[in-house]
Amino acid sequence: LPQLAGGGANDDVLAMFEAGDGSKDIYVGGNFTSLTGTSAPSFARMAPNGQLISSFMSSLGTGFDAAVYAIRPYKDGKIYVAGGFTGFNGNTRNALIRLEPDGTEDAAFVTGTGFTAGAGKVVALAYDPATERVYAGGSFALYNLTTANSLTALDNVGGMVSGWGASLSHGIGNITSMDLTPDGSVLYIGGDG
């Protein structure tokens with residue numbers, strides 16, 4: 001885009017996802033602290049012409065304190081954002097958060113202590129609209145002080161899905177990508193073992 005020439009991201013872009021609300025806006029996440037010369041702490045919403053959506057950026061406040069690796073839609077314009085961060089807009093948030101369409105935190109999604117121990121990063125997300133589960137993968141040992149071993153499934157309010165992943169008691173290495181089949185019956189994962 002001409003609007004980005006000479007002033008794109010000042011560091012790596014690691015995730016992108018279309019807003020899905022008909023605007024053709026795109027969410028962008030990564031290691032950057034600015035886009036097109038404007039402050040953008042690891043995350044931004046950008047119009048098709050490359051301009052940042054100023055009202056959304058204002059709502060983010062100080063944003064994320066470290067990299068954003070994955071973005072997935074929820075419903076009603078809300079989005080999941082995951083990464084290596086430990087804070088969002090001055091509040092402790094470990095590696096996963098759900099945002100409202102305006103860029104503020106969705107208070108209905110409660111992660112408690114979040115993803116901790118080890119590297120504590122969520123690098124991949126998948127979402128099943130039928131069950132409203134979000135699957136999180138990365139390099140972490142715990143979710144909200146419960147053993148998670150790099151992969152877990154959460155319900156729509158942030159609780160671990162009971163019994164899911166029980167056979168993964170020894171973990172499966174670091175997960176870097178995942179996707180669901182359209183009917184939600186199979187979760188594919190990939191990583192560095």
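Preceding this section is the structure that the text describes.
Small disclaimer: the values here were computed from a predicted structure and weren't measured.

Chemist: Pulling in residues and values, what's your account of unusual backbone geometry?
Modeler: Located in the positive-phi region is K24, a residue other than glycine, with phi close to 65°. Here K24 is to be found in the loop between strand 1 (13–18) and strand 2 (26–30). The exposed category is assigned to K24, whose relative accessible area is 57%. Its identity as a non-glycine residue notwithstanding, T36 has a phi of 50°, on the positive side. Locating T36 in the fold gives a position in the loop between strand 3 (34–35) and strand 4 (38–39). By relative accessible area, which is 25% here, T36 ends up partly exposed.

Chemist: Which residues make up the sheet that holds strand 14 (residues 142–143), and what values do they have?
Modeler: What holds strands together in a sheet is hydrogen bonding between their backbones, with the strands either parallel or antiparallel. Taken together, 3 strands build an open sheet; the order of strands is 11-14-15 and the sheet is antiparallel. Each edge of the open sheet is held by one strand with a lone partner, namely strand 11 (115–116) and strand 15 (146–147).

Chemist: Describe the packing of aromatic side chains, with residues and values.
Modeler: For any pair of aromatic rings, the description consists of the separation of the ring centres together with the inter-plane angle of the planes. Under the counting rule described, the total for this entry stands at 12 aromatic pairs. Summarising the aromatic geometry, the rings of Y74 and Y80 are spaced 5.6 Å apart at their centres and angled 70° between planes, so their arrangement reads as edge-to-face. Using a relative accessible area of 10% as the deciding quantity, one classes Y74 as buried. Judged by its relative accessible area of 0%, Y80 falls in the buried class. Clustering of aromatic rings is evident, with ring pairs tying together Y27, F43, F56, F64, F85 and F88.

Chemist: Describe the sheet that holds strand 12 (residues 121–128), with residues and values.
Modeler: Pairing in this open sheet of 3 strands is antiparallel, and the strands run 12-13-16 from one edge to the other. Edge positions in the open sheet fall to strand 12 and strand 16 (151–154), since each of these has one partner strand only. Across this sheet, the average inter-strand angle for adjacent strands is 20°, counted without regard to direction. Pairing of strand 13 (residues 133–139) with strand 16, which is carried by 4 bridges, proceeds in the antiparallel orientation. The residue of strand 16 that forms the bridge with G137 is L151.

Chemist: Got a sec to walk through the pairing of strand 6 (residues 68–73)? Specific residues and values, please.
Modeler: Within a regular beta strand, the side chains point alternately toward one face of the sheet and then the other, so they alternate between its two faces. Across 5 bridges, strand 6 lies against strand 7 (residues 79–83) in antiparallel orientation. Within the sheet, the bridge partner assigned to R72 lies in strand 7 and is Y80. Counting the residues that bridge the hairpin from strand 6 to strand 7 gives 5 residues, and of these D76 lies at a positive phi of roughly 55°.

Chemist: If you had to explain the pattern of salt bridges to someone new, which residues and values would you point to?
Modeler: Under the definition given, this model contains 7 salt bridges. Among the salt bridges present, the one from R45 reaches D25, with a minimum N-O distance of 2.9 Å. Within this pair, whereas R45 is found in strand 5 (residues 43–46), its partner D25 is found in the loop between strand 1 and strand 2, the two being separated by 20 residues in sequence. For R45, a relative accessible area of 7% gives the class buried. Across the pair E105 and R93 runs a salt bridge whose closest N-O atoms are separated by 2.7 Å. Residue E105 is found in the loop between strand 10 (96–99) and strand 11, and its partner R93 is found in the loop between strand 9 (91–92) and strand 10; the two are separated by 12 residues along the sequence. Residue class for E105 comes out partly exposed when judged on its relative accessible area of 25%. Members of the salt-bridge network, linked through shared partners, are K78, R98, E100 and D106.

Chemist: Which residues make up the nonpolar core, and what values do they have?
Modeler: With 23 residues, the main nonpolar core has F43, F64, V81 and L99 as its most contacted residues. For this core, the elements supplying multiple residues, two or more each, are strand 2, strand 5, helix 1 (54–60), strand 6, strand 7 and strand 10. Counting 17 residues, the second largest nonpolar core, distinct from the first, contains Y80, A95, A136 and F140.

Procedures and definitions
Residues numbered from 1 in each chain as written. Predicted model: local features only at pLDDT ≥ 70, side-chain atom pairs only at ≥ 80, totals over all residues. Heavy atoms only, no water. Helix = DSSP H or I, 4+ residues; strand = E, 2+ residues; numbered from the N terminus. Buried < 20%, exposed > 50% of the residue type's maximum accessible area, 1.4 Å probe, protein only. Pairing = 2+ DSSP bridges. Phe/Tyr/Trp six-rings, centres within 6.5 Å; stacked < 30°, edge-to-face > 60°. Axes fitted to C-alpha atoms, helices over the stretch in contact; angles between N-to-C directions. Salt bridge = Lys/Arg side-chain N within 4 Å of Asp/Glu carboxyl O. Core = buried A, V, L, I, M, F, W, Y, C linked by side-chain atoms within 4.5 Å.

Interpretation in functional terms is not warranted from these geometric data alone.
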